[in-house]
Amino acid sequence: HCNDLYTLPIGALIKKVFNRKAKVLYDCHELETEARIYAKNFLLKWISKLTERALIHSADAVITVSESIAQDYAERYGIEKPKLVLNCPKFKNYQRKNLFRENFGIGKNQKIVLFQGGLRKESGIEIMIEAFKQRKDTDLVLVFLGSGDLQDLVQDSAEKYNTIYYQPRVSIEKYMDYVSSADIGIHIMENTCLNHDYALPNKVFEYVMAGLPVIVSNLKEMSEFVEKNKVGIVIKENNPEALGTALDKLVHTELTKYRPFLIKTAKIYNWENQEKALLEVYKNISGI
């Protein structure tokens, strides 16, 4: 099981040299050659594309994490369309928590918008901060949960504005309790590459599993998922004004209207169902 591109050469070598009966599964967690690790290094990106093109046919099966990525691989390399195994959490009926309200003294009538994950420029951190700086009310507050390059900016903003808060990273055991302590989830990605346009991140599924309606960028896979399942709002442009419009809509919306759609979606998009898909791929290539 070759997890991401940099392990594919190892799997191909094992199959070709050490064990010709070995079966190789290539697991693409993104559009690999468009991943962030290669974005700013032309030579590394060129090598990655040559490597993938040379070795992908040695894999007995390929799996990936969105329909658009699967279609891209099939067309790019002339392979059978990869199977989908999505980045979904285990199913659980999470009860509402109040960790953010308890930690920060947030009012019970204020709605909490949560961004969780890497605090990086391409994640729309500055757009979110600016949108909340421009708000005239305190009916909505923004909580950042995570770490990254823009952590100092987030912490400075949290000190200056009474509607922005910073929560350092928490353990995986407590993580979903914190997600369940918010009212709305947000995930903005800059459309800087195909990998972003085709992304369907685990964060979106985690928000849904926790019962949070979501705000997402107008990127192909995320927007289609949110609109198809009626679990949130898609902002048409990645700027503070467009985000502000979405926030205004949600602040005046009874969020319980999303509840039936979130429950239905969580019952479909969970690891128990994705696990079946993965095991089916294993069975098919092993002949069991």
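Reference entry: report on the structure contained in this document.

Thresholds, definitions, all that
- Residues numbered from 1 in each chain as written.
- Predicted model: local features only at pLDDT ≥ 70, side-chain atom pairs only at ≥ 80, totals over all residues.
- Heavy atoms only, no water.
- Salt bridge = Lys/Arg side-chain N within 4 Å of Asp/Glu carboxyl O.
- Helix = DSSP H or I, 4+ residues; strand = E, 2+ residues; numbered from the N terminus.
- Buried < 20%, exposed > 50% of the residue type's maximum accessible area, 1.4 Å probe, protein only.
- Patch = residues over 30% accessible without salt bridge, like charges linked within 9 Å, V, L, I, M, F, W, Y side chains within 5 Å.
- Areas by Shrake-Rupley, 256 points an atom, 1.4 Å probe, with all protein chains shown as cover.
- Pairing = 2+ DSSP bridges.
- Phe/Tyr/Trp six-rings, centres within 6.5 Å; stacked < 30°, edge-to-face > 60°.
- Lys NZ or Arg CZ within 6 Å of the ring centre and 35° of its normal.
- Contact = heavy atoms within 4.5 Å.
- 1 Å grid on protein atoms, 1.4 Å probe; cavity = no way out; pocket = protein on both sides within 12 Å on 5 of 7 lines; lining within 4 Å.
- Points joined across faces, edges and corners; volume = space filled by probe spheres on them.
- Axes fitted to C-alpha atoms, helices over the stretch in contact; angles between N-to-C directions.
- Parallel < 35°, antiparallel > 145°, perpendicular 65-115°, else oblique.
- Nonpolar A, V, L, I, M, F, W, Y, C, P; charged D, E, K, R; others polar.
- Right-handed = clockwise from strand over helix to strand, strands pointing away.

**A closer look at the pattern of salt bridges**
Next up, step 1: As enumerated under the stated definition, the model contains 15 salt bridges in all.
Next up, step 2: We note a salt bridge from Lys 15 to Asp 60, for which the minimum N-O separation is 3.1 Å. One end of the pair, Lys 15, is in helix H1 (residues 8-18); the other, Asp 60, is in the loop between helix H3 (42-55) and strand S3 (61-64), with 45 residues separating them in the sequence.
Next up, step 3: Between Glu 80 and Lys 83 there is a salt bridge; the shortest N-O distance is 3.9 Å.
Next up, step 4: Exposure remark for Glu 80: the relative accessible area of 62% places this residue in the exposed category.
Next up, step 5: When salt bridges that share partners are traced, they join Glu 34, Lys 45 and Lys 49 into one network.

**Here we look at a nonpolar patch on the surface**
Next up, step 1: A contiguous nonpolar surface patch, about 510 Å² in accessible area, is contributed by Ile 10, Leu 13, Ile 14, Val 17 and Phe 18.
Next up, step 2: Relative to the elements of secondary structure, Ile 10 occurs in helix H1.
Next up, step 3: Among the residues examined, Ile 10 registers a relative accessible area of 52% and is labelled exposed.

**Considerations on the sheet that holds strand S1 (residues 2-3)**
Next up, step 1: If you trace the four strands from one edge of the open sheet to the other, you get S1-S2-S3-S4, paired in parallel fashion. Only two strands of the sheet have a single partner each, and these edge strands are S1 and strand S4 (83-84).
Next up, step 2: Where strand S2 (residues 25-27) meets S3, three bridges bridge the pair, whose relative direction is parallel. The residue of S3 that forms the bridge with Leu 25 is Ala 61.

**Thoughts on the packing of aromatic side chains**
Next up, step 1: In this structure the tally under the stated criterion is eight aromatic pairs.
Next up, step 2: With a centroid separation of 5.0 Å and an interplanar angle of 80 degrees, the aromatic rings of Phe 225 and Tyr 269 are classed as edge-to-face. With Phe 225 in helix H11 (residues 220-229) and Tyr 269 in the loop between helix H13 (259-268) and helix H14 (271-286), this residue pair connects regions lying 44 residues apart in the sequence. Here the two residues Phe 225 and Tyr 269 agree in accessibility, since each one is buried.
Next up, step 3: A network of ring pairs unites the aromatic residues Phe 100, Phe 104, Tyr 165 and Tyr 178 as a single cluster.
Next up, step 4: In this structure, Lys 257 packs its charged tip against the face of Tyr 258, placed 5.2 Å from the ring centre.

**With respect to the environment of Leu 114**
Next up, step 1: Locating Leu 114 in the fold gives a position in strand S5 (residues 111-116).
Next up, step 2: Placed 63 residues apart in sequence, Leu 114 and Thr 51 show a C-alpha to C-alpha distance of 39 Å.
Next up, step 3: Apart from the residues lying within four places of it in its own chain, the contact partners of Leu 114 are Phe 100, Val 143, Leu 145, Tyr 178, Val 179, Ala 182, Ile 184, Gly 185, Ile 186 and Tyr 207.

**Re the layout of surface pockets**
Once rolled over the atoms, a probe with the size of a water molecule shows which space is left empty.
Next up, step 1: Here the largest pocket defines a volume of roughly 1,300 Å³.
Next up, step 2: Every residue lining the largest pocket is counted, 47 residues in all, and those nearest its centre are Gly 118, Arg 120, His 187, Asn 202 and Lys 203.
Next up, step 3: When residues of the lining of the largest pocket are traced back to their parent elements, those giving at least two are helix H2 (36-39), S5, helix H8 (172-179), helix H9 (194-197) and helix H10 (202-209).
Next up, step 4: At five residues, the largest contribution of residues to the lining of the largest pocket is made by H8.

**Brief notes about the packing of helix H6 (residues 125-134) against helix H7 (residues 151-160)**
Next up, step 1: Contact pair H6 / H7: the axes reach a minimum separation of 11 Å and the direction vectors enclose 10 degrees. With respect to their mutual orientation, H6 and H7 come out roughly parallel. Touching Ile 125, Glu 126 and Ile 129 of H6 are Leu 153, Val 154 and Ser 157, all from H7.
Next up, step 2: Each residue belonging to the contact of H6 with H7 can be placed in one class, and the counts come to four nonpolar, one polar and one charged.

**So, the pairing of S5**
Each regular strand carries side chains that alternate between the two faces of the sheet.
Next up, step 1: Of all six residues in S5, six are buried, a share of seventy percent or more.
Next up, step 2: Side-chain alternation along S5 places Lys 111, Val 113 and Phe 115 on one buried face and Ile 112, Leu 114 and Gln 116 on a second face that is also buried.
Next up, step 3: As paired strands, S5 and strand S6 (residues 140-145) are joined by six bridges and run parallel to one another. Bridge pairing in S6 places Val 113 opposite Leu 142.
Next up, step 4: Where S5 lies against strand S8 (residues 184-187), two bridges are found, and the strand directions are parallel.

**Digging into the environment of Pro 82**
Next up, step 1: Along the chain, Pro 82 turns up in the loop between helix H4 (67-77) and S4.
Next up, step 2: Those residues in contact with Pro 82, other than ones at most four positions away along the chain, are Val 62, Ile 63, Thr 64, Ala 70, Tyr 73 and Ala 74.

**Here's the deal with the pairing of strand S7 (residues 164-167)**
Next up, step 1: The alternating pattern of S7 places Ile 164 and Tyr 166 and Tyr 165 and Gln 167 on opposite faces, both of which are buried.
Next up, step 2: Relative to S7, S6 is paired through four bridges, and the arrangement is parallel. Each bridged residue has a counterpart across the sheet, and for Leu 142 the counterpart in S7 is Ile 164.
Next up, step 3: Handedness of the S6-H7-S7 crossover: right-handed.

The quantities given are spatial measurements derived from coordinates; they are silent on function.
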